[in-house]
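# Survey of secondary and tertiary structure
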Amino acid sequence: MGAALFMFLVVSMLNAYGFDAGARMMLTGMIIIGIVIAANARRPAHDSHP
């Protein structure tokens, strides 16, 4: 629920600043990709050796 609220607030902020729909979608996508990359960078790599 926290992530959904964060994204709602980001999109609301972009609306308030007057960004058009294309820019909002691009920025929202970049934020999502950045969060996924940051979350994976914090997780240590696992060896697949048995």
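Description of the structure in this document. (Residues numbered from 1 in each chain as written. Predicted model: local features only at pLDDT ≥ 70, side-chain atom pairs only at ≥ 80, totals over all residues. Heavy atoms only, no water.)

## Some words on the overall build of the protein chain
A count of helical and extended segments in the protein chain gives two helices and zero strands. Of all 50 residues assigned to the protein chain, the portion counted as buried reaches 8%. For the protein chain, the accessible surface area stands at approximately 4400 Å², while carbon and sulfur atoms represent 71% of it. (Helix = DSSP H or I, 4+ residues; strand = E, 2+ residues; numbered from the N terminus. Buried < 20%, exposed > 50% of the residue type's maximum accessible area, 1.4 Å probe, protein only. Areas by Shrake-Rupley, 256 points an atom, 1.4 Å probe, with all protein chains shown as cover.)

## Remarks on the packing of helix α1 (residues 2–17) against helix α2 (residues 21–42)
Their axes nearest at 10 Å, the elements α1 and α2 cross at an angle of 145 degrees. Crossing handedness for the pair α1 and α2: right-handed. Seen from α1, the contacting residues are Phe-6, Met-7, Val-10, Val-11, Leu-14 and Asn-15; seen from α2, they are Arg-24, Leu-27, Thr-28, Ile-31, Ile-32 and Ile-35. Class assignment of the residues belonging to the contact of α1 with α2 gives a composition of nine nonpolar, two polar and one charged. (Axes fitted to C-alpha atoms, helices over the stretch in contact; angles between N-to-C directions. Left-handed = near helix turned anticlockwise from the far one by under 90°. Contact = heavy atoms within 4.5 Å. Nonpolar A, V, L, I, M, F, W, Y, C, P; charged D, E, K, R; others polar.)

## Quick notes on a nonpolar patch on the surface
Together, Leu-5, Phe-8 and Leu-9 make up a nonpolar patch on the protein surface, roughly 330 Å² of accessible area in all. Mapped onto the elements of the fold, Phe-8 is located in helix α1. (Patch = residues over 30% accessible without salt bridge, like charges linked within 9 Å, V, L, I, M, F, W, Y side chains within 5 Å. Salt bridge = Lys/Arg side-chain N within 4 Å of Asp/Glu carboxyl O.)

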